[in-house]
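Survey of secondary and tertiary structure
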Amino acid sequence: MTRARRPFYVGTNFKMHQTPAETAAFITGLRPALGDTLVGHEDVRLFVIPPFTSLPAAVPAAADAGLPLWVGAQTMHQATEGAYTGEISARMLQAVGVDLVLLGHAERRALFAESDAALSAKVPAALGAGFQSLLCVGETAEEKGFGVGPETVARQLKVALSGVDAAHLPNLLVAYEPVWSIGASGTPARPDDVMGVADAIRGALGDRFGAAGAEVPVLYGGSVSVDNCGGFVALQHIDGLFIGRAAWTVDGFAAVLAAALDAR
Ligand code: PGA
């Protein structure tokens, strides 16, 4: 592929899968599974986002992995502390040594009421705490049916990024995950589906941050597989992949990564 080289990001969200021991085994097994896949791709950054309970095991395993690997949390509460049963704050994640926080995943939005308004507080809080902050946006099947995918992601970005300080922009990443494409019951997207919305995401980042918005990595996610990943990474505005179930084994992760780097 002949496009200007930008950093490239490939990671997976374990969702509610894997114990601490299983997560540590995954991370330890990644390097041998990757072999020389990353040779010549020194600008690639990998990340793994396990459940909260796996984070204390994942952080030291990642430090020993010999890979450019971030460990991320699946969400974070915006308050420093308080009466928020079941929630986790930035300070708690900092104490564990987490690198990244995922915010606004479609399952958090749909099943746990993670709203745009809450995200407008969470994203600045995560960035302010020094985390790489991966914000997910994406339209539902209904919104796609009405042809408002581009407007939907632009609105989600406008609200979630409203309080972001431009100085924190280097730690922001955006994942475009069409809700209709996620999970075993989802319909895999085609690159044509992704292109227009990825343009809208890039446009919204430019509207909000000017030229600096062009530097924010935009990842694609939703039923990414070894067979379809090449079509997504070849798109102009896509800087990486956010993978679910296809990357929950080290061999699966390694296979998608290798295919993506080939198509880059
Ligand atoms: P999937 O998950 O690749 O299994 O569709 C993607 C995601 O939810 O981020």
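Below is a short write-up of the structure. No experiment lies behind these values; they were computed from the predicted model shown. (Residues numbered from 1 in each chain as written. Predicted model: local features only at pLDDT ≥ 70, side-chain atom pairs only at ≥ 80, totals over all residues. Heavy atoms only, no water.)

1. A closer look at helix H8 (residues 191-209)
Formally: The helix and strand labels rest on DSSP assignments: H or I over at least four residues marks a helix, E over at least two residues marks a strand, and numbering proceeds from the N terminus. Multiplying one less than the number of residues by 1.5 Å gives the expected span of a helix. Burial classification: accessible surface area is computed with a 1.4 Å probe over protein chains only, and a residue below 20% of its type maximum counts as buried, one above 50% as exposed, and the rest as partly exposed. In this description, contact between two residues means that some pair of their heavy atoms is separated by no more than 4.5 Å.
Between its first and last C-alpha, H8 extends 26 Å over 19 residues, near the 27 Å set by a 1.5 Å rise per residue. Considered for burial, the residues of H8 that qualify are Asp193, Val194, Val197, Ala198, Ala200, Ile201, Arg202, Ala204, Leu205 and Phe209. Those residues of H8 hidden inside the fold are in contact with strand S5 (132-137), helix H6 (141-145), helix H7 (149-160), strand S6 (172-176), strand S7 (218-221) and helix H9 (229-233). Positive phi shows up at glycine 210, right after H8, with a value of about 65 degrees.

2. Describing the packing of helix H5 (residues 116-128) against H7
Rules: For helices, the fitted axis covers only the stretch in contact; all axes are lines through C-alpha atoms, and the angles between them, taken along N-to-C directions, range from 0 to 180 degrees. An angle counts as roughly parallel when it lies under 35 degrees, as roughly antiparallel when it exceeds 145, as roughly perpendicular when it falls between 65 and 115, and as oblique in every other case. Each residue gets one of three labels, nonpolar for Ala, Val, Leu, Ile, Met, Phe, Trp, Tyr, Cys and Pro, charged for Asp, Glu, Lys and Arg, and polar for the others, Gly among them.
Where H5 meets H7, the axes come as close as 7 Å, and the angle between the chain directions of the two elements is 50 degrees. Taken together, the axes of H5 and H7 are oblique relative to one another. Contacts between H5 and H7 involve Asp116, Ala117, Leu119, Ser120, Val123 and Pro124 from the first element and Arg155, Gln156, Val159 and Ala160 from the second. Looking at the contact of H5 with H7 residue by residue, the class counts come to six nonpolar, two polar and two charged.

3. Topic: the sheet that holds S5
Definition in use: A strand pair is defined by DSSP finding two or more bridges across the two strands.
Strand order around the closed barrel formed by eight strands is S1-S2-S3-S4-S5-S6-S7-S8, with parallel pairing between neighbours. Between one strand axis and the next, the sheet turns by 25 degrees as a mean value, whatever way the strands run. Running over the sheet, helix H10 (residues 250-263) touches strand S1 (8-13), strand S2 (44-49) and strand S8 (240-243) and is turned about 155 degrees from S1.

Keep in mind that these numbers describe shape and distance, not what the molecule does.
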